[in-house]
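# Residue-level structural notes
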Amino acid sequence: MTTIDHWIGGRTASGMSQRTSTVFNPATGAPSAELRLASASDVADAVGVAEAAFEGWAQSSISKRAKVLFAFRELVNNHVDELAALIVDEHGKVFSDAQGEVQRGLEVIEFACGIPSLLKGDYSDQVSSGVDTFSFREPLGVVAGITPFNFPVMVPMWMYPVAIACGNTFILKPSERDPSASMLVADLWQRAGLPDGVFNVVHGDKVAVDALLDDPRVAAVSFVGSTPIAQYIHERGSANGKRVQALGGAKNHAIVMPDAGIDFAADHLSAAAFGSAGERCMAISVAVALGSAADAIVEAVTARALAVKVGNGHDASREMGPVVSAAAQQRIKRLIGTGEAQGARIAVDGRDLVVPGYENGFFVGPTVLDDVTTKMDVYQEEIFGPVLSVVRADNIDDAIAIINANPFGNGTAIFTASGESARRFQRGVHVGMIGINVPVPVPMAFYSFGGWKNSLFGDKHVHGPEGVSFYTRAKVVTSRWPEVAASAGANFNFSTTAR
Ligand code: NAD
């Protein structure tokens, strides 16, 4: 079995730690590699390398940085299928979905290629007699990204293209469950001409994460993962004086209004609930069905759930792969059981699904739970599996109230033919990303991505303009170039512009 090393200073590095964890192929359930888990001193070495690389990279011209970004964009674009295959091997999602993930990451690289425009400052001529004011933004230094298993390419790409384009050096700590794509990315960066030490990959668990959070040379931390860890990262990183953006978990609701097209809503709801086995932070896991829409949508989603083709993500005829791990499989099945025990009606039960030829794979079939209430565990917990819970509500105000009472606020959607309902919804919900007849409203790269409430700790969203702002800090210069002989003497009053 292969061992996956770190990538530090432009080459693979085994580090001093003897600890490893096992990477699995979720479709077969078989181990595929051993992964090195960094010690605190391995992390310190990587931070030292990134710190040493910072000065040169930060001082490189903005056009040189853009050039590297353009070259990296070409290389990633030429390796979409290789990256997607690595995602399928270790995450399990189907190949076409993995290609889509890489594509959404590429869009952030393309956004970052525009860094010369994005970093343009402001200039005010003659703010006082002979005085000009201008502003520009500088990189922070060494920044770190700690990322989840569910988008092993796209989520890190929310971070490092922008951070590196801004002139920072970067340490990525990817998920232990699907680390291989990050190693190919590191190789592509090097081939693009990025100086060694600017992009580094350190594998590990809490030990590595804590070392990054505690190292005073790390200026900022971007995190994406579950809510308890996001909160922890935000608190510990902030206490250590770092800038932190920590995106957490989700429980995304979609309202189905009585005026919605039921076939349209059912197609999109089932894709949003069961695509990528429900392991998307923007997956719809709760349908809030109103009035006469309720029975119709349950019936239509049931038919679609039963028809989903589940299997190995490398099989092009399949629509949904396994979940990521045996532990995830057990957790999802247990939660479905609590739903049943607490009074939900199981319209489709995916617990007993067995995929022929993949009997040891971590599969859970699409599941639909009807008559779910907000008190049930299946409603309160983030299931992160292919399970759609249907909650019934009487009117749109009640539906919005349900969404707003939920502690998460990542994404939400409404299916309706009414502009009035859509507008009431978009203005009334306490959620960061909103879809109107769009169930998975992931913003394009030139907007920023982020939720509200327990879905984001810190105040900057990722990529887009807020990403540029997160990875830089402002300088404002007030300048005067007097003729040497022209001094009018000292003025001890606070300076004003009326001179
Ligand atoms: P996770 O929180 O278990 O792990 C995320 C990262 O944190 C990994 O790199 C992991 O190694 C590290 N980590 C885990 N436990 C830690 C600990 N105790 N101390 C320090 N670091 C620790 O999340 P996951 O299971 O990999 O990913 C799924 C979660 O991510 C879901 O909750 C999902 O909603 C969320 N997610 C959110 C978004 C978003 O945009 N808000 C996007 C993707 C995923």
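Not measured: the values here are computed from a predicted model. (Residues numbered from 1 in each chain as written. Predicted model: local features only at pLDDT ≥ 70, side-chain atom pairs only at ≥ 80, totals over all residues. Heavy atoms only, no water.)

Once that is clear, we can look at the domain arrangement of the chain. For the chain, the assigned domains read domain 1 (2-248 + 455-477) and domain 2 (252-436). Placing a centre on the C-alpha atoms of domain 1 and another on those of domain 2 gives a separation of 31 Å. Taken residue by residue, the interface counts 22 residues in domain 1 and 23 residues in domain 2. On the surface where domain 1 and domain 2 come into contact, there are 1 salt bridge. Between R280 and D97 there is a salt bridge, with the nearest N and O atoms lying 2.9 Å from each other. Scanning the region where domain 1 abuts domain 2 turns up 7 residue pairs in polar contact (both at pLDDT 80 or more). The element best represented in the side of domain 1 that touches domain 2 is helix 3 (residues 80-90), accounting for 4 residues. Here the side of domain 1 that touches domain 2 is composed, by residue class, of 9 nonpolar, 8 polar and 5 charged. (Domains from an automatic or database assignment. Contact = heavy atoms within 4.5 Å. Salt bridge = Lys/Arg side-chain N within 4 Å of Asp/Glu carboxyl O. Polar contact = N/O pair within 3.5 Å; in protein donor to acceptor, adjacent residues only side chain to side chain. Helix = DSSP H or I, 4+ residues; strand = E, 2+ residues; numbered from the N terminus. Nonpolar A, V, L, I, M, F, W, Y, C, P; charged D, E, K, R; others polar.)

Examined against the element boundaries, L369 turns out to sit in strand 16 (residues 367-370). Here L369 falls in the buried class, since its relative accessible area comes to 0%. Residues L369 and R104, spaced 265 residues apart in sequence, show a C-alpha to C-alpha distance of 31 Å. (Buried < 20%, exposed > 50% of the residue type's maximum accessible area, 1.4 Å probe, protein only.)

One can describe the packing of helix 14 (residues 396-405) onto helix 15 (residues 419-428) by two numbers: an axis separation of 10 Å at closest approach and a directional angle of 25 degrees. Of the possible angle classes, the one that applies to helix 14 and helix 15 is roughly parallel. Read as a crossing pair, helix 14 and helix 15 show a hand that is right-handed. Contacts from I396, D397, I400, I403 and N404 of helix 14 reach helix 15 at S421, R424, F425 and G428. (Axes fitted to C-alpha atoms, helices over the stretch in contact; angles between N-to-C directions. Parallel < 35°, antiparallel > 145°, perpendicular 65-115°, else oblique. Left-handed = near helix turned anticlockwise from the far one by under 90°.)

Two side chains with opposite charge may pair up if their charged atoms get near one another. Here the structure, examined in full by the defined rule, presents 25 salt bridges. For the salt bridge of R236 with D210, the shortest nitrogen-to-oxygen distance reads 3.5 Å. Of this pair, R236 sits in helix 9 (residues 227-239) while D210 sits in helix 8 (residues 206-214); the two residues are 26 residues apart in sequence, bridging distant segments of the chain. A residue is classified by how much of its surface remains accessible, and D210, at 13% relative accessible area, is buried. Between R236 and D214 there is a salt bridge whose closest N-O contact spans 2.5 Å. With a gap of 22 residues between them, R236 in helix 9 and D214 in helix 8 connect regions that are remote in the sequence. With relative accessibility at 36%, the residue D214 sits in the partly exposed group. A single network of salt bridges, built from pairs that share partners, joins D295, R345, D370, D371 and R392.

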